[in-house]
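Residue-level structural notes
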Amino acid sequence: MSDVFERSVAGRTLSIQVGKFAQQANGAVAVQYGNTVVLVTACTSSEPREGIDFVPLTVDYEERLYAAGKIPGSFIRREGRPTEEAVITDRLIDRSLRPLLSKEFHNDVQVVATVLSVDQENDPDICALIGASAALTLSDIPFFGPISAIHIGYIDDALVVNPTLPQMDDSLFDLIVASSKENIVMVEAGAKEVSEEILLEAIKLGHEANQELIKLQKELQRTYSKAKVEVEHKELAPGLSSQIASILGEKLSQVLEEPGKLQRDKALTSIKEETRNKLVDSFSEDEINFAFEAQLRAAVREKILQTRRHLDGRQAKEIRPISCEVGILPRTHGSGLFARGETQVLTITTLGSTNREQLLDGLGLDETKRFMHHYNFPPFSTGEVKRIGTTGRREIGHGALVERAIAPVLPSEDDFPYTLRLVSEVVSSQGSTSMASACAATLSLMDAGVPIKAPVAGIAMGLLTGKDEGYVVLTDIVGMEDAYGDMDFKVAGTTRGLTALQLDIKLQGINYGILAEALSQAREARLEILGKMSLAISATRSELSPYAPRMYEMTIDQSKIGSVIGPGGRVIRSIIEETKTTIDIKNDGKVIVGSPNEEAAQKAIKIIQDLTREVAQGEIYTGKVTRLFNFGAMVEILPGKEGLVHISELANYHVPQVEDVVKVGDEVMVKVIGIDNSGRINLSRKAILEGLSNLPGAKVSNASAPKDRQRKFVHPRGRDEQHGNRSR
């Protein structure tokens, strides 16, 4: 039996339908908001996965282009790899659900959100997240929900709940808040230099707006939910914990004080191996590993909470040493190297013509993307040996986060007509490589001469909570503080405000006060980092790299666009081939010609100007003779535009035959003397010759004239005088 539960959200109905689809899944719902519909299912394996200590959750967000009435643009005409937007939504859902799944439930869990219909007004991402929560709530999978998610915008100086996608173009930020009844679970935002205070108010509003949808899911739960699976609590073998503590003694505390990651990892491996060798006869290897990991986690947390310092001894708000360099790669358009402690990122900028924009084959409103940031995390960055394959979800997610942080400060296409691609290469990793990428990206853009509005820096904030509501917020966390801590809060922005946020937590929620404290500390850190970056490069370079293309902009009549493109694009391809330039033509008649060589660009511009110029009476042109007739010659004065020079207009004397004066291929100067109603052009060469002869002191002769005409000129000197000149 099918049932529908509804609520009004921002003046539009959001409904959750149960029992219509996917009855064999552990939980399934269809969420509709406006005319956007997403089917979400939750399934789990019958047996737990052995030898793991994490929640084996997989989230798949499946975009179906039929949802927007589109046919895929790929050769096989079906959906292939998930788009970047789909991967970002995967991660959004995963990061919201994972803290609320039982950490001791080791059965595989898969959540699949399939987008069935899109109205391009209501974003399917929150439908998918709400549906995922509802499907898990209805299922027998242990889930400490429900949760809800909402978009918050800032339009016309007011906070707006769930603005439509077209409205988002005018919003100061796009904030997604996922929360449970009590606490905030996940935050993600892209903003245009917004203050911390406004974003905190928006987070508050988002948490409040989520409550109605949480109540809606509670109604579903009371009516349709299944009994939850009992979770087996894994107990340590009797006496194992005390024996490990006895073996380790003070060694673990000493290892945690090691300043370098490699030294610490090596020392941890050594004492772990020592512990295993002493206990392997009495306990299984899995039991030893589990107990050792528990001891390590407890030791890390205890040390930080007791000292209120980082593991390496830094104060809670202290940032690791920073170094910045620019222009270190000779042939790239721009490069920046940013290092913070043992984290090191090299970012390279490449500038291209606007026809190098990325084509988007997705469900959103945008069809192209002008700015791209790609993030690579090779295994050598952590000193490991791993297979290098296709780009993973983590790399795509981190790349998109930095892209979101940098995009608000980029110049518009009108001011800077380039496609921009940044690639961040993580060459060493020890905490917050994504925020280091934001810093390196800024350095690289400034080195490339891109006139950004303001530099951007980023920092990762951590959190450790203890008993009796005690906690410590850490600035600039390293790997172990992230792994054993409770929060990874990435914050990026300029001196004026925030441009991107991303909150990941391992708790079942986090309160507003901790977020406010973390944002305040992040601002202090961001300003300090920006100050260090300014020492390497204080302003964008005034000149582009000599290897970057120069863009020249011109405007042509819209009715002449076809003349430049030509049948099947033949004309524009021939210009590009001849001049080795790039040419982009917009629908409004704007033409952008790109080339590192100014002479080549000017040549292309001249050809385009000639193709689009109107022939005007009285103007003079240099053209090429294309055809001969007995009554005159056809001369091409502009590309594709010919006019007739009648035989009587070929010269300022009688011409017996056209061939006596011109032949095919000759270049001649002609004047337009008439254009009839049909657009036929009449030209005159005689008018040019007569005009030249009227110049003061001019003597005009014509090599094409008959010889007897030339013999009319007689030298005034006599024979003897001529002879005398020769002898001298």
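Reading the values: the criteria
- Residues numbered from 1 in each chain as written.
- Predicted model: local features only at pLDDT ≥ 70, side-chain atom pairs only at ≥ 80, totals over all residues.
- Heavy atoms only, no water.
- Helix = DSSP H or I, 4+ residues; strand = E, 2+ residues; numbered from the N terminus.
- Contact = heavy atoms within 4.5 Å.
- Phe/Tyr/Trp six-rings, centres within 6.5 Å; stacked < 30°, edge-to-face > 60°.
- Buried < 20%, exposed > 50% of the residue type's maximum accessible area, 1.4 Å probe, protein only.
- Pairing = 2+ DSSP bridges.
- Axes fitted to C-alpha atoms, helices over the stretch in contact; angles between N-to-C directions.
- Salt bridge = Lys/Arg side-chain N within 4 Å of Asp/Glu carboxyl O.
- Arc of directions from axis to C-beta.
- Right-handed = clockwise from strand over helix to strand, strands pointing away.
- Core = buried A, V, L, I, M, F, W, Y, C linked by side-chain atoms within 4.5 Å.

Observations concerning the environment of I637
The topology assignment puts I637 in strand β26 (residues 632-638). Considered as a pair, I637 and T622 are 15 residues apart in the sequence and their alpha carbons are 6.2 Å apart. If sequence neighbours within four positions are ignored, I637 has contacts with V615, Y621, T622, G623, V670, V672, I681 and L683.

Thoughts on the packing of aromatic side chains
Two numbers describe a pair of aromatic rings. These are the distance of the centres and the angle of the planes. Within the structure shown, the criterion is met by 5 aromatic pairs. Their ring planes at 25° and their centres at 5.9 Å tell us that Y154 and F173 sit as a pair that is stacked. Placement of Y154 in strand β7 (residues 148-155) and of F173 in strand β9 (residues 173-179) is noted, with a sequence separation of 19 residues between them. With respect to burial, Y154 and F173 carry one shared label: buried. Centre to centre, the rings of F629 and F631 are 5.1 Å apart; their planes meet at 0°, and the pair counts as stacked.

Quick look at unusual backbone geometry
Between G145 and the following residue, P146, the backbone shows a cis peptide bond with an omega angle of 5°. Locating P146 in the fold gives a position in the loop between α2 (124-138) and β7. Positive phi, close to 55°, is recorded for R308, a residue that is not glycine. Within the secondary structure, R308 sits in the loop between α8 (285-307) and β11 (322-326). A relative accessible area of 45% places R308 in the partly exposed class. Although it is not a glycine, K580 sits at a positive phi angle of roughly 60°. Its place among the elements puts K580 in the loop between α14 (570-579) and β23 (582-585).

Points about the sheet that holds β26
The sheet built from 5 strands closes into a barrel, its strands ordered β25-β26-β27-β29-β28 with mixed pairing. Shown here is a sheet whose adjacent strand axes are inclined to one another by a mean of 55°, direction ignored. The sheet contact formed by strand β27 (residues 641-646) and strand β29 (residues 681-684) spans 2 bridges and is parallel. Each bridged residue has a counterpart across the sheet, and for L644 the counterpart in β29 is N682.

Looking at the pattern of salt bridges
Close approach of charged atoms allows side chains with opposite charge to pair. Under the counting rule described, the total for this entry stands at 42 salt bridges. Between R276 and E285 there is a salt bridge whose closest N-O contact spans 3.9 Å. Its relative accessible area of 15% is what places R276 among the buried residues. E285 sits in the partly exposed class, given a relative accessible area of 45%.

Here's the deal with helix α5 (residues 240-248)
Every buried residue belonging to α5 is among L240, I244, I247 and L248, and all of these are buried. Considered in projection along α5, the buried side chains sweep an arc of 95° and stay on one side of the axis. Of the surrounding elements, those touching the buried residues of α5 are α6 (251-256), α7 (261-279) and α8. After α5 finishes, the residue G249 shows a positive phi value of roughly 55°.

Some words on the pairing of strand β5 (residues 57-63)
Burial analysis of β5 places 5 of its 7 residues in the buried class, which makes it a mostly covered element. In terms of strand pairing, β5 meets strand β6 (residues 107-117) through 7 bridges, oriented parallel. In the strand pairing of β6, V59 is matched with V111. Since β5 and β6 lie parallel, the crossover through helix α1 (residues 84-97) that links them has a hand, and here it is left-handed.

With respect to the sheet that holds β6
Strands sit in the order β1-β2-β3-β4-β6-β5 across an open sheet of 6 strands; the sheet is mixed. Since the sheet does not close on itself, it has two edges, and those belong to β1 (3-9) and β5, each with one partner. Direction aside, neighbouring strands of the sheet carry axes that sit 15° apart on average. Taken together, the 7 bridges between β1 and strand β2 (residues 12-18) define a ladder with antiparallel strand orientation. Paired with R7 across the strands is L14, a residue of β2. Running at roughly 145° to β5, α1 makes contact with β5 and β6 of the sheet. Contacting β1, β2 and β3 (27-33), helix α4 (residues 196-224) crosses the sheet at an angle of about 170° to β1.

Observations regarding the nonpolar core
Among the nonpolar cores identified, the biggest contains 129 residues, and L175, F338 and F489 are the most heavily contacted of them. F338 has contacts with I322, S323, C324, T343, Q344, V345, A436, C439, A440, L443, I529 and M533, leaving out every residue within four places of it along the chain. Counting residues in each nonpolar core, the second largest holds 29 residues, with L268, L279, I288 and A460 among its members.

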